[in-house]
Amino acid sequence: LVLSMVTLGVSAQDRDAQNSARVQPQATAEDVLAALVHGSAVIFAGQVYAIRVPQEISNISGVKGGLPSSRPDAVEVEFRVDLGIRGTSIGSNYVLRMPATAWQQVPPFTLHQRVVTFLKPADAAGFSGPVEGDSDIPGMDLGVMSVDSSNQVDLSRLQRMITKKTITSAAMLPPANSSQMPSVTDVDTPQGEETLISGSSEGRMPELRNKSVPFLALVRDVSVLSAAEDQQPKAQAAS
């Protein structure tokens, strides 16, 4: 019995060692962007046109003048959409409603700010907000990428997410096509289906390694990832 228990203990240690040996390379910039696209219901580039706050918090929100919000519990951020990628179209106005309590912590947007924005699905109350990353703090969301006067997009928040997660191959679901690397939606782990996989885009977006990226280059990358994800349900249905 003692010998059997020792043998079982060694086998368990061997399994743990094998699992630790299966740890994949840490998440790449492409992985983080793919996960960001995957978690977004609305993606667009545009400018903050108006910020409307409830009258009750107008004195402490830092937003002066303008019309009050149509809801006493919501801050309404209106954007002019310069380029719609998902959930909205070019030339339209998009209104984001955020809980007033969340806005009072640290507002994620400022008036006239130019941004590439990734928004979560709206909840039952109609509230949404920028997609968040593990290391985000209020007002510093991964889903808000500022565009400067030279049309460069700040990637500092995306870069902060790189190397934050690793997974083991034992947690991976088999890819639909064995000749392809698994994508961010092919993962099933205790942390959830959006855990990042290194190599999901095979390193085809080297411009994301920099601290900033030209606006058109980022829009192209996001459009490619969004279109690829939109094609997945069609491919699954066909198979």
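The preceding data block contains the structure.
My aim in this report is to walk through the structure given alongside it, one point at a time. (Residues numbered from 1 in each chain as written. Predicted model: local features only at pLDDT ≥ 70, side-chain atom pairs only at ≥ 80, totals over all residues. Heavy atoms only, no water.)

### Brief notes about the pairing of strand β4 (residues 114-119)
Then, in step 1: Extensive coverage of β4 is indicated by the burial of five of its six residues.
Then, in step 2: For β4 and strand β5 (residues 144-146), the ladder comprises three bridges, and the chain directions are antiparallel. Considered in β5, the bridge of Thr117 is made with Val144. (Buried < 20%, exposed > 50% of the residue type's maximum accessible area, 1.4 Å probe, protein only. Helix = DSSP H or I, 4+ residues; strand = E, 2+ residues; numbered from the N terminus. Pairing = 2+ DSSP bridges.)

### Description of the side chain of Gln113
Then, in step 1: Within the fold, Gln113 resides in the loop between α3 (100-105) and β4.
Then, in step 2: A distance of 3.0 Å separates polar atoms of two side chains, one belonging to Gln113 and the other to Ser146.
Then, in step 3: Excluding residues within four positions of it along the chain, Gln113 makes contact with Gly46, Gln47, Val48, Pro108, Val144 and Ser146. (Polar contact = N/O pair within 3.5 Å; in protein donor to acceptor, adjacent residues only side chain to side chain. Contact = heavy atoms within 4.5 Å.)

### Focus on the pattern of salt bridges
A side chain with one charge can pair with a side chain of the opposite charge if their charged atoms come near.
Then, in step 1: Applying the stated criterion across every chain yields a total of nine salt bridges.
Then, in step 2: In this structure, Glu30 engages Arg209 in a salt bridge whose closest nitrogen and oxygen atoms are separated by 2.5 Å. Here Glu30, found in helix α2 (residues 29-38), pairs with Arg209, found in the loop between α4 (156-161) and β7 (212-214); they are 179 residues apart in sequence, far enough to count as distant.
Then, in step 3: On the accessibility criterion, Arg209 (45% relative accessible area) is partly exposed.
Then, in step 4: Across the pair Arg220 and Asp221 runs a salt bridge whose closest N-O atoms are separated by 3.3 Å.
Then, in step 5: Taking the relative accessible area as the measure of exposure, Asp221 reaches 3% and is therefore buried. (Salt bridge = Lys/Arg side-chain N within 4 Å of Asp/Glu carboxyl O.)

### Let's talk about the sheet that holds strand β2 (residues 74-86)
Then, in step 1: Sheet architecture is open: five strands sit in the order β3-β2-β1-β4-β5, paired in antiparallel fashion. Of all the strands in the sheet, the pair left with one neighbour each is β3 (93-99) and β5. Adjacent strand axes in the sheet meet at a mean angle of 40 degrees, parallel and antiparallel pairs treated alike.
Then, in step 2: Where β2 meets β3, seven bridges bridge the pair, whose relative direction is antiparallel. Across the sheet, the residue bridging to Phe79 is Tyr94, located in β3. (Axes fitted to C-alpha atoms, helices over the stretch in contact; angles between N-to-C directions.)

### Topic: unusual backbone geometry
Then, in step 1: Phi at His112 takes a positive value of approximately 70 degrees, unusual for a residue other than glycine.
Then, in step 2: One can find His112 in the loop between α3 and β4.
Then, in step 3: Accessibility expressed as a relative area gives 53% for His112, which makes it exposed.
Then, in step 4: Positioned with a positive phi, Asn151 is a non-glycine residue whose angle comes to about 65 degrees.
Then, in step 5: Tracing the backbone shows Asn151 in the loop between β5 and β6 (152-154).

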